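Below are the chains, spelled out letter by letter.
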Amino acid sequence: MAEATLGGSADSVSFEEAGLRYEVDGEIATITLDRPDKRNAQTFATWSALARIGDDLPEQVRIVVIQGEGPSFSAGIDLRMFTPEGVPGQGSFSSTAQLDEKSFEQVIEQAQQGFLWLRRPEIVSIAAVQGHAIGAGFQLALACDLRIVADDVKFCMKEPALGLVPDLTGTKPLVDLVGTAKAIDICLTARVVGAEEAFRIGLAEHVVNRGGLAQAVQEKAAELLTTNRDAATATKRLLQGARGRTLEEQAAAERVEQKARIKALFAGS
């Protein structure tokens, strides 16, 4: 297992400075939020580093696991971002508010890039979630394809209670998973969703005791790797597009994908 290094532009920071560990072991990449003393609170640097990982993800990787060090997955945005001083070298919401409209939108778009790549068809992303998954932490878990959670998990969409909106790509998957009414309830009350409810309403695929979380994620990754890579990619593409298509359109998409698979497997025989 090798620890990857953070590349990119001259203003990039190290993984340690961004509060992350990143390792690639064959077909599995593991990203660990690594600021346990801050309950893995996230900053602009965290999101930039996540985006760079997506940009540079080795081609052989099929599974991406995101986990948190310590008692919490992620308690959300680093509270220093709400102060005038902000996070050293990264600014604050106050400084961001002074930007012109185009630059302001670019800041948010750049942050979102750290979350969007986790939906790529060629990978399956798994969030291993324990303890607090608040705001940005909740949205990072929602960015993943699967969520395996410990029985002490506490999901909470805190942004509306802070006068903000969830803007790290979490609103669509939340609605897709639980429906509009339940998403409104969760977001506009900023209430905590525990493990039992998360499983019941579809936020979590599997609930385990805290001590069994790592093993459950490892077992799920192994199961996913038994499927043919190209077939898995094509099937994920079909499933991701299904909600936006009519039955007839989905049937047509299935024909296209299946034609490609059969040709790849049997055209030379």
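Located above this text is the structure these notes cover.
Residues numbered from 1 in each chain as written. Predicted model: local features only at pLDDT ≥ 70, side-chain atom pairs only at ≥ 80, totals over all residues. Heavy atoms only, no water.

Enquirer: So what's going on with the pairing of strand E7 (residues 146-150)? Residues and values would help.
Expert: In terms of burial, E7 is largely enclosed, as five of its five residues are buried. Neither face of E7 is open: one carries Leu146, Ile148 and Ala150, the other Arg147 and Val149, and all of them are buried. Strand direction decides the pairing type here: strand E5 (residues 124-129) and E7, joined by four bridges, are parallel. Its bridge partner lying in E7, Ala128 is registered against Ile148. Here E7 pairs with strand E9 (residues 206-208) via three bridges, running parallel. Bridge pairing links Ala150 to Val208 in E9. (Buried < 20%, exposed > 50% of the residue type's maximum accessible area, 1.4 Å probe, protein only. Helix = DSSP H or I, 4+ residues; strand = E, 2+ residues; numbered from the N terminus. Pairing = 2+ DSSP bridges.)

Enquirer: Tell me about a nonpolar patch on the surface, and name the residues and values.
Expert: Nonpolar side chains collect at one region of the surface, where Leu79, Phe82, Leu162 and Leu164 lie side by side and expose about 360 Å² of accessible area between them. Relative to the elements of secondary structure, Leu79 occurs in the loop between strand E4 (63-68) and helix H3 (93-97). (Patch = residues over 30% accessible without salt bridge, like charges linked within 9 Å, V, L, I, M, F, W, Y side chains within 5 Å. Areas by Shrake-Rupley, 256 points an atom, 1.4 Å probe, with all protein chains shown as cover. Salt bridge = Lys/Arg side-chain N within 4 Å of Asp/Glu carboxyl O.)

Enquirer: Go over unusual backbone geometry, please, and point to the residues and values.
Expert: The phi dihedral of Asn40 falls on the positive side, at around 55°, and the residue is not glycine. Structurally, Asn40 can be placed in the loop between strand E3 (28-33) and helix H2 (44-56). Positive phi values are uncommon outside glycine, yet Thr169 reaches one of about 70°. Tracing the backbone through its elements, the reader meets Thr169 in the loop between strand E8 (154-156) and helix H6 (171-178).

Enquirer: Talk me through H6; I want residue IDs and the actual numbers.
Expert: For H6, the full list of buried residues reads Pro173, Leu174 and Val178. Buried residues in H6, looked at end-on, bunch into an arc of 105°, giving them a common side. Buried-residue contacts for H6 involve helix H5 (136-143), helix H7 (180-189) and helix H8 (195-201). (Arc of directions from axis to C-beta. Contact = heavy atoms within 4.5 Å.)

Enquirer: I'd like to hear about the packing of H2 against helix H4 (residues 101-116), residue by residue, with values.
Expert: At a minimum axis separation of 7 Å, H2 and H4 run at an interaxial angle of 55°. Relative to H4, the element H2 is oriented oblique. You can see that H2 and H4 cross each other, and the crossing is left-handed. On the side of H2, the interface is formed by Phe44, Trp47, Leu50 and Ala51, while H4 contributes Val107, Ala111, Gln113, Gly114 and Phe115. (Axes fitted to C-alpha atoms, helices over the stretch in contact; angles between N-to-C directions. Parallel < 35°, antiparallel > 145°, perpendicular 65-115°, else oblique. Left-handed = near helix turned anticlockwise from the far one by under 90°.)

Enquirer: Break down the layout of surface pockets for me, with residues and values.
Expert: Estimated volume of the largest pocket: approximately 830 Å³. Around the largest pocket, the lining comprises 29 residues; the ones closest to its centre are Arg119, Asp145, Lys236, Leu239 and Gln240. Among the secondary structure elements, those contributing two or more residues to the lining of the largest pocket are H5, E7, H6, helix H9 (213-224) and helix H10 (229-241). Here the lining of the largest pocket takes seven residues from H10, the largest share from any one element. Class assignment of the residues belonging to the lining of the largest pocket gives a composition of 13 nonpolar, five polar and eleven charged. (1 Å grid on protein atoms, 1.4 Å probe; cavity = no way out; pocket = protein on both sides within 12 Å on 5 of 7 lines; lining within 4 Å. Points joined across faces, edges and corners; volume = space filled by probe spheres on them. Nonpolar A, V, L, I, M, F, W, Y, C, P; charged D, E, K, R; others polar.)

Enquirer: Outline the pattern of salt bridges, listing residues and values.
Expert: Tallied over the full model, the rule gives 13 salt bridges. The closest approach of N and O atoms between Asp152 and Arg210, which form a salt bridge, is 2.8 Å. Within this pair, whereas Asp152 is found in the loop between E7 and E8, its partner Arg210 is found in the loop between E9 and H9, the two being separated by 58 residues in sequence. Accessibility expressed as a relative area gives 24% for Asp152, which makes it partly exposed.

Enquirer: Hey, could you go over the nonpolar core for me, with residue numbers and the actual values?
Expert: By size, the foremost hydrophobic cluster in this structure holds 53 residues, and its most contacted members are Trp47, Val64, Phe155, Leu174 and Leu203. Those residues within four positions of Leu174 in sequence are excluded, and the remaining contacts are Phe138, Leu142, Met157, Gly179, Ala183, Ile186, Cys187 and Leu203. Ranked by size, the runner-up nonpolar core spans 13 residues in total, among them Leu146, Ile148, Leu213 and Ala221. (Core = buried A, V, L, I, M, F, W, Y, C linked by side-chain atoms within 4.5 Å.)

Enquirer: Lay out the pairing of E5 in plain terms, naming residues and giving numbers.
Expert: Of all six residues in E5, six are buried; the element is thus mostly enclosed. Of the two faces of E5, the one holding Val124, Ile126 and Ala128 and the one holding Ser125, Ala127 and Val129 are both buried throughout. Where E4 lies against E5, five bridges are found, and the strand directions are parallel. Counted as the bridge partner of Val64 is Ser125 from E5.

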